[in-house]
Amino acid sequence: MIDIENIVTEIAEEMRAHKDRGTVASYIPPLACVPDSKFGVAVVMADGTIHSAGDADEAFSIQSISKVFALTLALGAVGDQLWNRVGREPSGTPFNSIVQLETEHGIPRNPFINAGAIVLCDVLLGRHQPREAIGQMLRFVRTLSGDDAIAIDETVAGGEQDTGFRNRALANYMRAFGNIHAPVERVLGTYFHFCALAMSCRQLALAGRFLMDGGRVDGHSIVTASRARRINALMMSCGHYDNSGDFAFRVGLPGKSGVGGGILSVVPGVASIAVWSPGLNPSGNSQLGTLALERLVQRTGWSVFEPR
Ligand code: DON
């Protein structure tokens with residue numbers, strides 16, 4: 001019998017004491033102010049019990065983890081037609097890279113690199129104005145988490161606007177290939193607000209439940225089981241950019257990271273997990289968040305590659 005409460009407490013203590021914490025993202029000024037001493041973990045089990053430790057109730061900038069929710073909404077809007085505009089292969093390049101877009105005619109490798117998520121925003125703007133698309137996202141994560149307190153941090157969204165030159169380059173470049181339809185500034189405004197969603201580990205782990213449970217939350221279907229399986233597959237293969245192979249090697253779970261230091265990870269049928277530690281490794285993924293998940297799967301046997 002796994003004592004998950006004890007394991008989570010132990011891991012939080014180990015992470016608190018850990019010296020090599022990575023580097024907090026500084027390219028968006030509000031992110032640079034977050035102390036690297038923070039660490040939180042929350043595990044929501046399939047039976048609804050929650051185990052948490054450390055700073056699990058403190059909201060942080062979920063950044064690229066929002067790409068999972070944007071993908072879910074975009075698939076809901078246009079279904080499999082989405083795959084005409086976004087690929088499903090790991091990029092092997094940094095999250096903000098432009099290099100593959102030229103030879104691949106403006107089609108991003110996958111929905112979890114910046115270029116891919118910018119296309120997701122454009123898809124959502126096919127039916128909405130930016131304000132409505134942002135409202136739709138906010139309602140979606142609030143419903144998934146069962147928590148209406150979730151909000152967008154406008155200071156972070158402003159920081160993204162002020163510094164998002166690469167994202168502007170990506171969006172304009174894709175527009176030149178015809179893969180962005182709405183005006184670039186509207187698409188980016190939507191993208192920046194999605195990145196600026198602030199959530200705690202507890203809220204994030206609750207929001208991930210539909211991916212743990214075949215697309216359902218509390219008996220309600222959010223997506224079909226096959227769609228949940230495919231989103232999990234993309235998180236495993238592409239959720240950590242050019243570090244995705246290493247994350248699969250070390251952790252062996254679907255996972256999506258953000259430069260705020262959060263990671264959402266899913267143990268299908270068993271648990272939804274969120275970890276947060278702001279210091280990043282050179283690929284922009286949480287250094288201690290990854291280590292914490294690695295230790296969690298070592299102690300629980302939860303990797304999808306373990307025999308059950
Ligand atoms: O587009 C950006 O620069 C960010 N706001 C989102 C990046 C992100 O989280 C990618 N990371 N791991």
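For clarity, every value in this text was computed on a predicted model and none was experimentally measured.

Reading the values: rules and limits
Residues numbered from 1 in each chain as written. Predicted model: local features only at pLDDT ≥ 70, side-chain atom pairs only at ≥ 80, totals over all residues. Heavy atoms only, no water. Helix = DSSP H or I, 4+ residues; strand = E, 2+ residues; numbered from the N terminus. Rg over C-alpha atoms; globule rule 2.2 N^0.38 Å. Buried < 20%, exposed > 50% of the residue type's maximum accessible area, 1.4 Å probe, protein only. Contact = heavy atoms within 4.5 Å. Areas by Shrake-Rupley, 256 points an atom, 1.4 Å probe, with all protein chains shown as cover. Lys, Arg positive; Asp, Glu negative; His and termini not counted. Charge placed at Lys NZ, Arg CZ, Asp CG, Glu CD. Near = heavy atom within 4 Å. Polar contact = N/O pair within 3.5 Å; in protein donor to acceptor, adjacent residues only side chain to side chain. Salt bridge = Lys/Arg side-chain N within 4 Å of Asp/Glu carboxyl O. 1 Å grid on protein atoms, 1.4 Å probe; cavity = no way out; pocket = protein on both sides within 12 Å on 5 of 7 lines; lining within 4 Å. Points joined across faces, edges and corners; volume = space filled by probe spheres on them. Nonpolar A, V, L, I, M, F, W, Y, C, P; charged D, E, K, R; others polar. Domains from an automatic or database assignment. Pairing = 2+ DSSP bridges. Buried area = accessible area lost by both parts, 1.4 Å probe.

**Here we look at the overall build of the chain**
- When helices and strands are tallied, the chain shows 14 helices and 12 strands.
- Here the chain has a C-alpha radius of gyration of 18 Å; the compact-globule value for 308 residues is 19 Å, and the two agree.
- Each of the three principal axes of the chain carries a C-alpha extent, and together these read 55 × 40 × 35 Å.
- When the 308 residues of the chain are sorted by exposure, 59% land in the buried category.
- Within the chain, residue pairs in contact and separated by at least 24 positions form 69% of the contacts whose partners lie at least 6 positions apart.
- For the chain, the exposed area adds up to about 12,300 Å²; of that, 52% sits on carbon and sulfur atoms.
- Distance between charge centroids for the chain: 6 Å, based on 27 positive and 30 negative side chains.

**Looking at the site of the ligand**
- Taken together, the neighbourhood of the ligand is formed by 14 residues, with Tyr 27, Gln 63, Ser 64, Glu 160 and Tyr 191 sitting nearest.
- With respect to the ligand, the side chain of Glu 160 contributes an N or O atom lying 2.5 Å from a nitrogen atom.
- Tyr 241 places a polar side-chain atom, nitrogen or oxygen, 2.9 Å from a nitrogen atom of the ligand.
- Taking 340 Å² as the accessible area of the ligand by itself, protein coverage stands at 98%.

**Quick notes on the side chain of Glu 160**
- Relative to the helices and strands, Glu 160 resides in helix H7 (residues 154-163).
- Here Glu 160 sits buried without a salt bridge, and the closest side chain of opposite charge, Lys 67, lies 7.9 Å off (N-O distance).
- Every residue in contact with Glu 160, bar those within four places of it in the chain, is listed here: Ile 28, Gln 63, Phe 192 and Cys 195.

**Details of the layout of surface pockets**
- Counted as a void, the largest pocket has a volume near 190 Å³.
- Forming the walls of the largest pocket are 18 residues, and the residues nearest its centre are Leu 31, Val 34, Ala 59, Phe 60 and Ser 61.
- Contributing elements (two or more residues each) for the lining of the largest pocket: helix H2 (29-32) and strand S4 (60-61).
- The class makeup of the residues in the lining of the largest pocket is 13 nonpolar, 2 polar and 3 charged.
- Approximately 160 Å³ is the volume found for the second largest pocket.
- Taken together, 16 residues line the second largest pocket, and the ones lying closest to its centre are Tyr 27, Phe 95, Asn 114, Glu 160 and Asn 167.
- Sorting elements by how many residues they give to the lining of the second largest pocket places helix H8 (residues 165-176) first, with 3 residues.
- Across the lining of the second largest pocket, the residue classes tally to 6 nonpolar, 7 polar and 3 charged.
- Of the domains in this structure, domain 1 (4-63 + 199-300) and domain 2 (64-197) are the two that each give at least three residues to the lining of the second largest pocket.

**So, the pairing of strand S11 (residues 271-276)**
- Within S11, 6 of the 6 residues are buried, which leaves the element mostly enclosed by the surrounding structure.
- Residues of S11 alternate between two faces, with Ala 271, Ile 273 and Val 275 on one and Ser 272, Ala 274 and Trp 276 on the opposite face, all of them buried.
- As paired strands, strand S2 (residues 40-45) and S11 are joined by 6 bridges and run antiparallel to one another. Residue Val 43 lies in a different strand from S11, and its bridge partner there is Ile 273.

**A short note on the domain arrangement of the chain**
- Taken domain by domain, the chain comprises domain 1 (4-63 + 199-300) and domain 2 (64-197).
- Put simply, the middle of domain 1 and the middle of domain 2, counted by C-alpha atoms, are 20 Å apart.
- Each partner contributes to the interface: domain 1 provides 37 residues, whereas domain 2 provides 39 residues.
- Summed over both sides, the interface between domain 1 and domain 2 buries roughly 3,000 Å², with carbon and sulfur atoms accounting for 70% of that surface.
- If you sort the residues of domain 1 by the area they bury against domain 2, Gln 63, Leu 234 and Tyr 241 come out on top, with a joint share of 21%.
- At the junction of domain 1 and domain 2, the tally comes to 1 salt bridge.
- Among the ionic pairs, Asp 80 bridges to Arg 230, the shortest N-O distance being 3.9 Å.
- Of all elements in the fold, only H2, S4, helix H10 (201-207), helix H11 (209-212), helix H12 (225-238), strand S9 (255-257) and strand S10 (262-267) reach the threshold of two or more residues within the side of domain 1 that touches domain 2.
- Per-element accounting of the side of domain 1 that touches domain 2 gives the leading share, 7 residues, to H12.

**Points about the pattern of salt bridges**
- Within this structure, the stated rule accounts for 14 salt bridges.
- The salt bridge involving Asp 57 is made with Arg 202; its shortest N-O contact spans 2.7 Å. Residue Asp 57 is found in the loop between strand S3 (50-54) and S4, and its partner Arg 202 is found in helix H10; the two are separated by 145 residues along the sequence.
- Residues participating in the shared-partner salt-bridge network are Glu 10, Glu 14, Arg 295 and Arg 299.

**Describing the sheet that holds strand S6 (residues 197-199)**
- Spatial ordering of the open sheet is given by S4-S6-S5, a layout of 3 strands whose pairing is antiparallel. The open sheet has two edge strands with one neighbour each: S4 and strand S5 (151-152).
- Relative to S6, S4 runs antiparallel, the two sharing 2 bridges. Within S6, the residue paired with Phe 60 across the bridge is Met 199.

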